[in-house]
Amino acid sequence: MILEIFLSLILGLVCGTITGLLPGIHINLVITFLLGLTFTNSLSLPLAIFIIALSFTHILIDFIPTTLLGVPTEENYLSAQPAHRLVMQGKANQAINVAFLGVLMSIPLIIVLSPIYAFVLPSLFEFLQEIIPYLILLMSLYLIFQEDNIISGILIFLLSGILGFFAFDLPVKEPLLPLLSGLFGLSAIFSSMFYNSTIPKQETTKTKIKLTRFLRPLSASFFISPILSFFPGIGAGHISLFSAQIINPSSKQFIFLNSISSSLNMALSIIAAYSIQKTRTGTSAAILHLLSPISINILCILILSIIISIIFAYKLGKLICIPLISIYNKISYGKISLITAIFVILVNTFFTNSLGLIILASGTLIGLICQKIGVRKIQMMGALLLSTLLYYFL
Amino acid sequence: MEKTTFLLFLLLSGSFIYLTVQLNSNPLEINDNSISSFPENTYLKLTGTPTNIRTYPEEITFKINNVSIRARTSFSLSNKSAVIFGKVNTYENQTYIRVEKIKYDT
């Protein structure tokens, strides 16, 4: 069994690196494909550990294409802008390394918060369940009212929400793929193709980052992540934004905040699958599907796997970062963007159906409108939040 | 409003109209065993709790008004109550639903 677990970790690390580097590939897509295959029961735990290794490696490695290509996912789209500012100064390496450090520093928070999430959350959940829809509504309204132009904010939230409603209620195959690829991925590539034709050469020297500069985002994430992580439709983006309201971070601190929130949100969703049997991410849903009911011993193995996966992924990320930036320096940015856009469209063509491609196109249009009228991308999370709110209130 | 933004809104309105038409015309909801009366490739919607799940080849059976309707699928299946969307498909003289999407109750 130990050998199987070890092999699962290594395989997850390799697959997570590949999916993380490929823009437009979401973890859920790989997981859906895996769960469609037939496995014997004895493989449930190794498969769950493979999914954990894949997910955390994907989260960490994903910051490389997000920074270099400007192709974010729904988890890290908020860090794309500060990362892009550093790319424009030739400091992509620093942006990526700050994100890596954020993911690594989620480990102590996972260790501290896991017992609270595992044993305290169930007693609070019954009460919290009643107020979840009102809190989601309040959070959405708060973020909309933070916009300079509130009407534009409402417009983007509603347009994304209606698109999300279409995606989930029509027979769209893999609805999240075209929905999120359009809203956050393809629209970002197209706008960078139109507006940023010249990107400076990126530094390829090793960079040292002082952890002491990130203690504020670390503590903000410690308090905000556990409160928001179990809310349906609320992701790392919301956690980062609410944490940022408290500490007013610099560009690098925001990237750190977003990466630590992404990793912590994923870890806490797995622990919530154990404690309240509710799944908030594709990864936690897959693990619950494979291992239900999850025992305390299995939970300990899963947490250990999360920690080992993050450490290995961090080392691997550091290893491949500079060589990838060197390759990036040799290819024109326009060409990379075009290849990436074609790749994202091909992935969608392969995995979804014709209705999915209409969702992809509509999402791309909303993403472009959002940038044109100067609304923050967080409003596009209405794609998930509006459906969640309708589910609770109707 | 800027010309480009107006054009983007126009394109988006077009795709929203198309999606609304799709939402209203598909899928057909059935409440009995009349699937064989629908032409091949018609979109259908079934609501209920699966009564039987077979893993290979993947097949799910829904009981509607005491009549079992079988659907073939490559999706991972669960016993939870669900809505399935699919297309009418004939295989070896039997009419099935070929599942395109499953929405389980959360």
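Rules used in this analysis
- Residues numbered from 1 in each chain as written.
- Chains lettered and ligands numbered in written order.
- Predicted model: local features only at pLDDT ≥ 70, side-chain atom pairs only at ≥ 80, totals over all residues.
- Heavy atoms only, no water.
- Helix = DSSP H or I, 4+ residues; strand = E, 2+ residues; numbered from the N terminus.
- Buried < 20%, exposed > 50% of the residue type's maximum accessible area, 1.4 Å probe, protein only.
- Phe/Tyr/Trp six-rings, centres within 6.5 Å; stacked < 30°, edge-to-face > 60°.
- Axes fitted to C-alpha atoms, helices over the stretch in contact; angles between N-to-C directions.
- Parallel < 35°, antiparallel > 145°, perpendicular 65-115°, else oblique.
- Left-handed = near helix turned anticlockwise from the far one by under 90°.
- Contact = heavy atoms within 4.5 Å.
- Salt bridge = Lys/Arg side-chain N within 4 Å of Asp/Glu carboxyl O.
- Expected span 1.5 Å × (residues − 1).
- Polar contact = N/O pair within 3.5 Å; in protein donor to acceptor, adjacent residues only side chain to side chain.
- Buried area = accessible area lost by both parts, 1.4 Å probe.
- Nonpolar A, V, L, I, M, F, W, Y, C, P; charged D, E, K, R; others polar.

Student: Help me understand the overall build of chain B in this model?
Tutor: Assigned secondary structure in chain B consists of 1 helix and 7 strands. Each helix and strand of chain B, placed in order from N terminus to C terminus, yields the pattern α-β-β-β-β-β-β-β.

Student: Would you mind going over unusual backbone geometry with me for this structure?
Tutor: Trans peptide bonds make up most of the peptide bonds, and negative phi angles are found at most residues other than glycine. Residue and element names in this part refer to chain A. Look at Asn248: it is not a glycine, yet its phi comes out positive at around 45°. Since its relative accessible area comes to 66%, Asn248 is described here as exposed. A positive phi is found at Gln277, a non-glycine position, where the angle reads about 55°. Looking at the secondary structure, you find Gln277 in the loop between α13 (251-275) and α14 (282-291).

Student: Sorry, what's going on with the packing of aromatic side chains here?
Tutor: One pair of aromatic rings is described through two measures. These are the centre distance and the angle between the planes. All names here are of chain A. Enumeration according to the criterion identifies 6 aromatic pairs over all chains in this entry. For the ring pair Tyr134 and Phe393, a centre distance of 5.4 Å and an interplane angle of 75° mean the geometry is edge-to-face. Taken together, the positions of Tyr134 in helix α8 (residues 121-145) and Phe393 in helix α18 (residues 382-393) put the pair 259 residues apart, joining distant regions of the chain. Classification of Phe393 by relative accessible area gives partly exposed; the value is 39%. Between Phe222 and Phe223, the aromatic rings sit 5.1 Å apart at their centres with planes inclined by 80°, giving edge-to-face as the arrangement.

Student: Explanation requested: the packing of helix α6 (residues 92-104) of chain A against α13 of chain A in the structure shown.
Tutor: A pair of packed helices is captured by two measures, namely the crossing angle of their axes and the spacing between those axes. All names here are of chain A. Taken N-terminus to C-terminus, the directions of α6 and α13 make an angle of 40°; their axes are 7 Å apart at the nearest point. One way to sum up the angle between α6 and α13 is to call them oblique. Relative to α13, the crossing made by α6 is right-handed. From α6, Gln94, Ala95, Val98, Ala99, Leu101, Gly102 and Val103 reach across to α13, where they touch Lys252, Ile255, Phe256, Ser259, Ile260 and Ser263.

Student: Whenever I open this one, the pattern of salt bridges confuses me. Can you help?
Tutor: For side chains bearing opposite charge, pairing can occur when the charged atoms are close. The full count for this structure, using the stated rule, is 2 salt bridges over all chains. Two residues, Arg376 of chain A and Glu147 of chain A, come together in a salt bridge whose shortest N-O distance is 3.3 Å. Within this pair, whereas Arg376 of chain A is found in the loop between α17 (354-372) and α18, its partner Glu147 of chain A is found in the loop between α8 and α9 (150-169), the two being separated by 229 residues in sequence. Given a relative accessible area of 27%, Arg376 of chain A falls into the partly exposed group. Put simply, Lys372 of chain A and Glu2 of chain B hold a salt bridge, and the shortest N to O gap is 2.9 Å. A residue pair is termed interchain when its members come from two chains, as with Lys372 of chain A in helix α17 and Glu2 of chain B in the segment before α1 (3-25). Residue Lys372 of chain A is classed as partly exposed on the basis of its relative accessible area of 25%. Judged by relative accessible area, which is 44%, Glu2 of chain B ranks as partly exposed.

Student: What should I look at first to understand α9 of chain A in this one?
Tutor: A turn of α-helix holds 3.6 residues, and therefore any two residues three or four places apart point the same way. Residue and element names in this part refer to chain A. The terminal C-alpha atoms of α9 lie 28 Å apart, and with 20 residues this matches the ideal 28 Å at 1.5 Å per residue to within 8%. Turning to α9, its buried residues are Ser152, Gly153, Ile156, Phe157, Leu159, Ser160, Gly161, Leu163, Gly164, Phe166 and Ala167. If you check the start of α9, you find a side-chain oxygen 3.2 Å away from the backbone N of Ile151, and it comes from Asn149.

Student: What is the right way to read the interface of chain A and chain B from this model?
Tutor: Interface extent is often summarised as the accessible area lost during association of the parts. With 30 residues of chain A in contact, the opposing surface of chain B contributes 25 residues. Overall, the association of chain A and chain B removes approximately 2400 Å² of surface from exposure, summing both partners, and the carbon and sulfur fraction of that is 72%. The largest per-residue losses of area from chain A upon contact with chain B belong to Phe166, Pro171 and Lys372 of chain A, which jointly make up 24% of the total buried on that side. One can count 1 salt bridge joining chain A with chain B. Across the contact surface, chain A and chain B share 5 residue pairs in polar contact (both at pLDDT 80 or more). When residues of the side of chain A that touches chain B are traced back to their parent elements, those giving at least two are α2 (27-36), α9 and α17 of chain A. Residues of the side of chain A that touches chain B, tallied by class, amount to 22 nonpolar, 5 polar and 3 charged.

Student: Looking at this structure, I do not really get the side chain of Thr67 of chain A. What am I missing?
Tutor: As for its placement among the helices and strands, Thr67 of chain A is situated in helix α4 (residues 63-69). For Thr67 of chain A, a relative accessible area of 4% gives the class buried.

Student: Help me understand the packing of α8 of chain A against α18 of chain A, please; the structure alone is not making it clear to me.
Tutor: Residues and elements named next belong to chain A. It is the contact of α8 with α18, at a shortest axis distance of 10 Å, that shows an interaxial angle of 145°. Considering the relative orientation of α8 and α18, their crossing is left-handed. In this structure, α8 contributes Ile132, Pro133, Tyr134, Ile136, Leu137 and Ser140 to the contact, and α18 contributes Leu385, Thr388, Leu389, Tyr392 and Phe393. Each residue belonging to the contact of α8 with α18 can be placed in one class, and the counts come to 9 nonpolar, 2 polar and no charged.

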